[in-house]
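Understanding the architecture of this molecule
For reference, the chains in residue letters:
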Amino acid sequence: MRLAGQRAERDEARPMHAETAQASPPLEWLRVRARQENFPVALHVLPPRYRRHLLTLYAFARMVDDIGDEAPGDRLFQLDRVSAALDRLYAGQASDDPLFQRLAHTVSVCELPRSELERLIEANRRDQVVHRYHTFDELLEYCALSAEPVGRLVLRVFDTHTERHAHLSDRICSALQVLEHCQDVAEDACAGRIYLPRQDLDRFEVTEGDLMAARASTGVRAVVALQVQRAVRLLDEGAPLVGGLRGVARLAVAGYVAGGRATARALVDAGFDVLARTPRPRRSHVLLSLVSSLGLGDAR
């Protein structure tokens, strides 16, 4: 799941050079990827202990996603190997892999449940066998594997996990995942995966071929607009989480919400044409949304 705030990754990369110089090439490559992708807008102002844990979780999620999306050979077998490595980690066995060494520390300090990490692996297993979703509810079931664990892990990093907080976080993370699917329609279609619900494609008479055109048709735009509308509603439902947090946790989660709102605005500004180019949020819009999120959080 990609989140907002690219500058934060570049800033965070500096103090990690000493660590990555000693790491295996795969881990160093993951750190480079982290600097190139979206990440929480507040990351560069968080205390180092939080940054380290969040980047470790990012590296794990990125590794699992890359296996599921790009690895040659038997991806299910490779994902099973990651699960086996988690088994060893939670059994207290030491690893030679720098990433799992860092993950073992984060798991211990933040008391992370294995189930949330395993759900990220399961999402990528599903990607190998499920390439279409009939309804939006089915897509949300997928988000429960691919997106919701991220927010729950973040809450535990900040020691703010409660059942209510987790429920609100789930709405935010599902919204972010849906928005990412909207941004990546063409890329996903070329990879043989379509996350736009079949029910909505049929409703607006959109064929799978339409999703690989040079520009989005009226029907494609309508389908994307509907998903964006649903994602914004999910963000609204989850936004009270910001007001329920304090300190750096509140700032970080507000950054997630702000990134989602700015992404939705970018999709609107592009007229929901996600095929001509990938709509990306402007930093100024992220900052404006961040101020709004911090000022309007529901304190329940």
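Note that this is a predicted model, so its numbers are computed, not measured.

1. Thoughts on the overall build of the protein
Counting secondary structure elements, the protein contains 16 helices and zero strands. Across the 300 residues that make up the protein, the buried fraction comes to 55%. Surface exposure of the protein reaches about 13,500 Å², of which carbon and sulfur atoms provide 51%.

2. A closer look at the packing of aromatic side chains
Scanning the entire structure with this criterion turns up five aromatic pairs. Ring geometry for Phe60 against Phe100: centres 6.3 Å apart, planes inclined by 90°, an arrangement best described as edge-to-face. One end of the pair, Phe60, is in helix α4 (residues 48–70); the other, Phe100, is in helix α6 (residues 98–110), with 40 residues separating them in the sequence. Judged by centre distance (5.5 Å) and plane angle (45°), the ring pair of Tyr133 and Tyr142 falls under tilted. Each member of the pair Tyr133 and Tyr142 is classed as buried. Three or more aromatic residues joined by ring pairs make a cluster, and in this case those are Tyr133, Tyr142 and Tyr195. Above the face of the Phe136 ring, Arg230 is positioned so that its terminal group lies 4.7 Å from the ring centre.

3. Let's talk about the side chain of Glu118
Structurally, Glu118 can be placed in helix α7 (residues 114–129). Looking at Glu118, its side chain comes within polar contact range of the side chain of Arg125, at 2.9 Å. Residues within four places of Glu118 in sequence aside, it is in contact with Ser83, Leu86 and Arg125.

4. Examining the packing of helix α10 (residues 163–183) against helix α13 (residues 218–238)
Interhelical geometry of α10 versus α13 gives an angle of 160° and a closest axis separation of 7 Å. Accordingly, the angle class assigned to the pair α10 and α13 is roughly antiparallel. When the axes of α10 and α13 are compared, the crossing they make is left-handed. Within the contact between the two elements, α10 uses Leu168, Arg171, Ile172, Ser174, Ala175, Val178, Leu179 and Cys182 and α13 uses Val224, Gln227, Val228, Ala231, Leu234, Leu235, Glu237 and Gly238. In the contact of α10 with α13, the residues fall into eleven nonpolar, three polar and two charged.

5. Some remarks on the state of the cysteines
Tallying each qualifying case throughout the model produces zero disulfides. In this model Cys143 remains outside any disulfide bridge; the closest cysteine sulfur is found in Cys173, 9.7 Å from its own. Using a relative accessible area of 0% as the deciding quantity, one classes Cys143 as buried.

6. Notes on the environment of Gly243
Relative to the helices and strands, Gly243 is located in helix α14 (residues 240–243). Overall, the relative accessible area of 5% leaves Gly243 in the buried class. When the C-alpha positions of Gly243 and Leu294 are compared, they lie 7.5 Å apart, and in sequence the two are 51 residues distant.

7. Some thoughts on the nonpolar core
Generally speaking, a soluble globular protein has its nonpolar side chains buried in company with each other. Counting 82 residues, the largest nonpolar core has Phe60, Phe100 and Leu211 as the members making the most contacts within it. With ten residues, the top contributor of residues to this core is helix α15 (residues 247–269).

8. So, the packing of α4 against helix α9 (residues 148–157)
For any two helices packed against each other, one specifies the crossing angle of their axes together with the interaxial distance. The N-to-C vectors of α4 and α9 enclose an angle of 155°; their axes lie 10 Å apart at closest approach. Relative to α9, α4 is oriented roughly antiparallel. In the packing of α4 onto α9, the handedness of the crossing is right-handed. The segment α4 lies against α9, with Tyr50, His53, Leu54 and Leu57 engaging Leu153, Val154 and Val157. In terms of residue class, the contact of α4 with α9 is made up of six nonpolar, one polar and no charged.

9. What to know about α9
With nine of its ten residues buried, α9 lies for the most part within the structure. Regarding α9, the residues found buried are Glu148, Pro149, Val150, Gly151, Arg152, Leu153, Val154, Leu155 and Val157. Downstream of α9 by a residue or two, Asp159 has a phi angle that is positive, lying close to 55°.

10. Some words on the pattern of salt bridges
Between side chains of opposite charge, a pair can form as their charged atoms come close. In the structure shown here, the tally under the stated rule is 20 salt bridges. Residues Glu208 and Arg132 are paired through a salt bridge, measuring 2.9 Å at the closest nitrogen-oxygen approach. Of the two residues, Glu208 is situated in the loop between α12 (198–203) and α13 and Arg132 in the loop between α7 and α8 (136–146); the sequence distance between them amounts to 76 residues. Close ionic contact of Glu237 with Arg171 constitutes a salt bridge, the shortest N to O distance being 2.9 Å.

11. Structural notes on unusual backbone geometry
A positive phi is found at Glu111, a non-glycine position, where the angle reads about 55°. Relative to the elements of secondary structure, Glu111 occurs in the loop between α6 and α7. Residue class for Glu111 comes out exposed when judged on its relative accessible area of 64%. Backbone geometry places Asp159, a non-glycine residue, at a positive phi of 55°. Locating Asp159 in the fold gives a position in the loop between α9 and α10. Classification of Asp159 as exposed rests on a relative accessible area of 71%.

The rules behind the values
- Residues numbered from 1 in each chain as written.
- Predicted model: local features only at pLDDT ≥ 70, side-chain atom pairs only at ≥ 80, totals over all residues.
- Heavy atoms only, no water.
- Helix = DSSP H or I, 4+ residues; strand = E, 2+ residues; numbered from the N terminus.
- Buried < 20%, exposed > 50% of the residue type's maximum accessible area, 1.4 Å probe, protein only.
- Areas by Shrake-Rupley, 256 points an atom, 1.4 Å probe, with all protein chains shown as cover.
- Phe/Tyr/Trp six-rings, centres within 6.5 Å; stacked < 30°, edge-to-face > 60°.
- Lys NZ or Arg CZ within 6 Å of the ring centre and 35° of its normal.
- Polar contact = N/O pair within 3.5 Å; in protein donor to acceptor, adjacent residues only side chain to side chain.
- Contact = heavy atoms within 4.5 Å.
- Axes fitted to C-alpha atoms, helices over the stretch in contact; angles between N-to-C directions.
- Parallel < 35°, antiparallel > 145°, perpendicular 65-115°, else oblique.
- Left-handed = near helix turned anticlockwise from the far one by under 90°.
- Nonpolar A, V, L, I, M, F, W, Y, C, P; charged D, E, K, R; others polar.
- Disulfide = S-S within 2.5 Å.
- Core = buried A, V, L, I, M, F, W, Y, C linked by side-chain atoms within 4.5 Å.
- Salt bridge = Lys/Arg side-chain N within 4 Å of Asp/Glu carboxyl O.

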